Structures are given as structure tokens and as C-alpha cells.
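Breakdown of the fold
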Amino acid sequence: MPEPGNPDSFEFEKVSLADARKMLDEQVKPVGGAPKAADWESKRAPAVAETLHTATIQWILKLPPHIQPRFLQVRYPRVANRLAALWEDVTAFEGFTDDLLTDKRGGRKGFPLNVATEIASLRDYHFRLHHKGMVAWDHVEW
């Protein structure tokens, strides 16, 4: 029993663990339940249909025929527009294409094989133009 007037003491009642758990479950209700995995689809802004810009079409036509991205421009015009805009900026273009071809977040679907192949071909062609004919693998130590 606690001593009267002693602020360091308190009364308690013996209860079973099951009764204590039931009491807590009734008093504490989680808000929204357990946290869910991120649902990126619902968080994305609705995609606005984008068409090829005139500058992108001109850029594509200047490329050698075997490098021109046929599938990319039809299926992903927004990406083609971005590639065309970054073409002259060596670092930005290489970084953007690397990001397109590498899954850094995990679980991404990626591009269809024909589109991924076109992006890789553009990346390789761009690298050769700006690095004196070298291929991207020439700087890797074996």
C-alpha cells in the first residue's frame, strides 16, 4: 500500500497479461492501420500526352539512319524530347541515359527491349562522338 502524502508511491491493481492487453487494445486504436508500401502510381501526376518537338525531329533526322530511335520516338516522345535537348551537354546526356538504363529504385519495369536497345545505341554513339572514337568500356580497368 502506498504511503499517504508520498508523491513517489502509487496504487496499482494486479491484472493478468491478457486483461491488460485487452484494455490497451480497446484504448489505443492505430490510425490508418499498418504503414503500407509506397504506391507510386497513385502519387504520380497524370501523364500529359507529349508529342515530338520540331527540334527533336530535326535532331533525329541528323543522326545516322542506324542510330535514329524509331521505337523510342513513337512510344516515349517525352524521353526523345529530353534526349534531344541534352544532346550537346555531354555530362547531362550521359547521366540521363545511364539513369534511363539503370534501375536505382528497385522494382521498375524498364523499357521494352527495342527501346532500351535504341537508348543504349544513342548512348554509345554519343560517347564515341565526344570521346575521340572510344567506346564506353575503354576507360574500365580489367
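Note that this is a predicted model, so its numbers are computed, not measured.

This part is about the overall build of the protein. Along the protein, the regular secondary structure elements total 7 helices and 0 strands. Written out in order from the N terminus, the α and β elements of the protein read α-α-α-α-α-α-α. Counting over 142 residues, the protein shows a buried share of 21%. Looking at the protein alone, contacts between residues at least 24 apart form 58% of all its contacts between residues at least 6 apart.

If you look at the biggest cluster of nonpolar residues, it comprises 16 residues, and the most contacted ones within it are W59, L72, L83, W87, F93 and L122. For this core, the elements supplying multiple residues, two or more each, are helix 3 (54-62), helix 5 (77-86), helix 6 (90-101) and helix 7 (113-130). Setting aside residues up to four positions removed in sequence, L72 forms contacts with P77, V79, A80, L83, V115, E118, I119 and L122.

Before going further, it helps to examine the pattern of salt bridges. It is possible for side chains of opposite charge to pair when their charged atoms get near one another. Scanning the model with the defined rule gives 2 salt bridges in all. Two residues, D98 and R123, come together in a salt bridge whose shortest N-O distance is 2.9 Å. With D98 in helix 6 and R123 in helix 7, this pair connects stretches of sequence that are 25 residues apart. For R123, a relative accessible area of 14% puts it in the buried group.

Position of H131 among the secondary structure elements: in the segment after helix 7. As for H131 and V90, which are separated by 41 residues in sequence, their C-alpha atoms are 9.6 Å apart. Every residue in contact with H131, bar those within four places of it in the chain, is listed here: V90 and E94.

Moving on, we come to the side chain of T97. Relative to the helices and strands, T97 resides in helix 6. Apart from residues lying up to four places away in sequence, T97 is in contact with L83, I119 and R123.

Scanning the model with the defined rule gives 4 aromatic pairs in all. Aromatic pair Y76 and F111: ring centres 5.0 Å apart, planes at 90 degrees, arrangement edge-to-face. One end of the pair, Y76, is in the loop between helix 4 (70-75) and helix 5; the other, F111, is in the loop between helix 6 and helix 7, and 35 residues separate them in sequence. On the basis of relative accessibility, which here comes to 22%, the residue F111 falls in the partly exposed class.

Taking 1.5 Å of rise per residue, the 18 residues of helix 7 would be expected to cover 26 Å, and the 26 Å separating its terminal C-alpha atoms lies within 8% of that figure. Of the positions making up helix 7, those classed as buried are V115, A116, E118, I119, L122, R123, H126 and F127. Along its buried surface, helix 7 packs onto helix 3, helix 4, helix 5 and helix 6. K132, located one to two residues past helix 7, shows a positive phi value of around 50 degrees.

With respect to the secondary-structure elements, T56 resides in helix 3. Not counting residues within four places of it along the chain, the set of residues in contact with T56 comprises A80, N81 and A84.

Once that is clear, we can look at the packing of helix 6 against helix 7. At their nearest, the axes of helix 6 and helix 7 sit 10 Å apart, and the two run at 155 degrees to each other. With respect to their mutual orientation, helix 6 and helix 7 come out roughly antiparallel. For the element pair helix 6 and helix 7, the recorded crossing hand is left-handed. Mapping the contact onto sequence places V90, F93, E94, T97, D98, L100 and L101 in helix 6 and A116, I119, A120, L122, R123, H126, F127 and H130 in helix 7.

Rules of the game
Each chain has its residues counted from 1, running along the sequence as written. Local features are withheld for residues below a pLDDT of 70 in this predicted model, meaning they are given only at 70 or higher, and side-chain atom pairs are given and counted only at 80 or more; totals for whole chains, interfaces and linings count all residues. To get the side-chain values, all heavy atoms of the structure are used, and hydrogens and water are removed first. Secondary structure elements are defined from DSSP: runs of H or I of at least 4 residues count as helices, runs of E of at least 2 residues count as strands, and each element is numbered from the N terminus. Burial classification: accessible surface area is computed with a 1.4 Å probe over protein chains only, and a residue below 20% of its type maximum counts as buried, one above 50% as exposed, and the rest as partly exposed. Note on definitions: a residue-residue contact is assigned when non-hydrogen atoms from the two residues lie within 4.5 Å. By nonpolar core is meant a set of buried Ala, Val, Leu, Ile, Met, Phe, Trp, Tyr and Cys residues that side-chain atoms within 4.5 Å join together. Salt bridges are identified by distance alone: a Lys or Arg side-chain nitrogen within 4 Å of an Asp or Glu carboxyl oxygen. Pairs were defined over the aromatic rings of Phe, Tyr and Trp, the Trp ring being its six-membered one, requiring ring centres within 6.5 Å. Orientation was assigned from the angle between planes: stacked under 30 degrees, edge-to-face over 60, tilted for the rest. The span you would expect from a helix comes to 1.5 Å times its residue count less one. Helix axes are fitted to C-alpha atoms over the stretch in contact, other axes to C-alpha atoms as well, and angles between N-to-C directions run from 0 to 180 degrees. Throughout, the term roughly parallel applies to angles under 35 degrees, roughly antiparallel to angles over 145, roughly perpendicular to angles from 65 to 115, and oblique to all others. Helix crossings fall into two classes, left-handed where the near helix is turned counterclockwise from the far one by less than a right angle and right-handed where it is turned clockwise.

Worth remembering: the numbers are spatial, not functional.
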